[in-house]
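# Breakdown of the fold
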Amino acid sequence: MQNNFRILKFVVGVAIFLSFLYITSVMLDPDLGWHLRVGEWVFEHKAVQRVDVSSYTMPGFPWIDHEWLVNAGLWWLYSQNLWWVVVFLFTLFAFIPVLVWLVRADSRAKVAAVILGSTFLLSFIGVRPQILSLFFFFFVSEILYARLKGKRSLLLLLPLLFFLWVNLHAGFFGGLLFFGAFVFADYVRAFVRTGRLDDREAGSSLLIFSLSFFVTFLNAHGGRIYKEILSVILPSYTSKYIVEWQPAFVLSNIAVPIFIGVFLFFAVKFIKKYPLHVLFTNFLFFFSFIKTVRMGPLFLVSAMPLLFLGIDLAFSEARTALHKTPFTGNIQNVARRIWGGVFAVLFLLLGYGVLGYDTQPFPGKAVAFLREEARNGSLGNILNDYGLGGYLSWRAPEIKIFIDGRMPNWIGEDGSSAMKDYVAIFFSGDEDMRQEVFERRKIQTVFLKKGVAASEESQKKDERNIFRGLKAHLGKSSYVRRLVNFLKKGVGQDLSRALLKEGWEKIYDDEEAVILRCREEVCSYLKGGA
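Residues numbered from 1 in each chain as written. Predicted model: local features only at pLDDT ≥ 70, side-chain atom pairs only at ≥ 80, totals over all residues. Heavy atoms only, no water.

Despite not being glycine, Lys46 shows a phi value in the positive range, around 50°. Of note, Lys46 is situated in the loop between helix 2 (32-45) and helix 3 (68-79). Here Lys46 falls in the exposed class, since its relative accessible area comes to 75%. (Helix = DSSP H or I, 4+ residues; strand = E, 2+ residues; numbered from the N terminus. Buried < 20%, exposed > 50% of the residue type's maximum accessible area, 1.4 Å probe, protein only.)

Time to look at the sheet that holds strand 4 (residues 513-517). With respect to topology, four strands assemble into an open sheet ordered 1-2-4-3, the strand pairing being mixed. Edge positions in the sheet fall to strand 1 (381-384) and strand 3 (505-509), since each of these pairs with one other strand and no more. Averaged over all pairs of adjacent strands, the angle between their axes in this sheet comes to 25°, without regard to strand direction. One ladder, built from four bridges, connects strand 3 with strand 4; its direction is antiparallel. From the neighbouring strand, Tyr508 faces strand 4, where its bridge partner is Ile515. Sitting on the sheet, helix 19 (residues 431-441) is in contact with strand 1 and strand 2 (443-449), with an inclination near 120° to strand 2. (Pairing = 2+ DSSP bridges. Axes fitted to C-alpha atoms, helices over the stretch in contact; angles between N-to-C directions. Contact = heavy atoms within 4.5 Å.)

Here we come to the state of the cysteines. Using the criterion set out here, one finds one disulfide in the structure. The disulfide partner of Cys518 is Cys523, and the S-S distance across this bridge is 1.7 Å. Its torsion about the S-S bond being 100°, the disulfide of Cys518 and Cys523 is classed as right-handed. Here Cys518 matches Cys523 in class, with each residue buried. (Disulfide = S-S within 2.5 Å.)

Taken over all residues, the pLDDT of the protein chain has a mean of 87, while the share at 70 or more is 88%. Across residues 452-493, confidence stays below pLDDT 50; counting only partners more than four residues off in sequence or on other chains, it has 37 contacts. (pLDDT = per-residue confidence, 0-100.)

Moving on, we get to the environment of Glu511. Looking at the secondary structure, you find Glu511 in the loop between strand 3 and strand 4. On the accessibility criterion, Glu511 (38% relative accessible area) is partly exposed. As for Glu511 and Ala366, which are separated by 145 residues in sequence, their C-alpha atoms are 9.9 Å apart.

What follows covers the pattern of salt bridges. Summed over all chains, the structure comprises 21 salt bridges. Among the ionic pairs, Glu40 bridges to Arg37, the shortest N-O distance being 3.1 Å. Residue Glu40 and its partner Arg37 are located together in helix 2, separated by three residues, close to a single helical turn. With respect to class, Glu40 is no different from Arg37; both count as buried. Note that Arg519 and Glu521 form a salt bridge whose closest N and O atoms lie 3.0 Å from each other. By sharing partners, the salt bridges in this structure join Asp421, Glu436, Arg440 and Arg441 into a single network. (Salt bridge = Lys/Arg side-chain N within 4 Å of Asp/Glu carboxyl O.)

What follows is the structure in structure tokens.
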């Protein structure tokens, strides 16, 4: 029986690792291009980029590159033809927490929780700097939970971890929140136990927390990094129009609502039995995730200890009940069949998440066409799709972009904002507002992703793929999808169709992108040069 359980854990571990490896290798983050371009700039200038050099909408804008070290590392590995190393490393960063949970799992229920959590994580993995935050956050949580078991000396590692983390990704702030919640729980527990706040253990934790906070100022941008963090997490365009900053219900991964349901079941059922530290951290990151998708990986890491402890508590209750009414052989057989069904469903979810994963290639041919147009002097100012700005600045740095993933919160001293203009064009539904932006920015060329407007042949190919077909049908019938579409009704317009009706001409069209150009007789603001 024990050998069968080990085999199960081994098979699960291999399946999850290969799933992560596959998705990391094919996932194309829209921000990847500007990460590589900025990393190249860092190597060329041997300095951190502090002002924008890629756009014509916000030229010279002072920005905070909190991922500069990651960007430089990505570019160097890419330039050395070592992209396979990048893929392998980011796969490991995501898989190591899963491996630790799997090793600790001492029951089929915990193995099932690991599979479900891994399927949840499929929505986030890839070559993305935030995966480094998942990795660091996991180690911070491990150290803090080890302290609860008496291993207090490990806390001394936290200032070093936060020093490294702050120079890699701004997700360190999530780690500080987690640590702060632990310290707060220390003081609450001390007050409940003694009626005083001068607890020695809580005091030592507060001291190390203070030191960890202090070392986060030791980065290329000093205290300004906190200004950048606040500009993102406070109400802004990111939370309204950027998917990864929107509420959790925008995710189409079916494992996400299942995981949330399981989490809430255990959290509510055993709420009086969990340590304060577990409750504080979990509800903090649960509500953070509900508010913004980007907190998903951190919520998962905080939730797994709660689930494991909840499973132990449930088994304890079950053992107590068995002393009163032992299981018969028939009930045990039924239980085994149920577990078999549970694992079958979980493996189907994992397989569906992997084999049904859909990624749109970068529009390499379209960018090559734009470069040729730029050389001929016929490009003018370009309006690019938000998701294409990073790729364009990487592959065609001579072309100044309208917007990319760095810029949603950039606001100039005069109130100008590329994101504000982008929203006016794509989301306002106001043609006069759109025309005002086009005239002010003197836009001559529009570069858009094809999105769902793929060719008829490519759609037929997708229909022949059982997994993509299933995903498409689920997406059409999903309540969550309908809710999201209802909330966004009238927000997005078919800009390409609208411009063609106004007299713009389509100068390039393939399965990945479409490029439109305005003639002077249509766009009078172009007369006399852009």
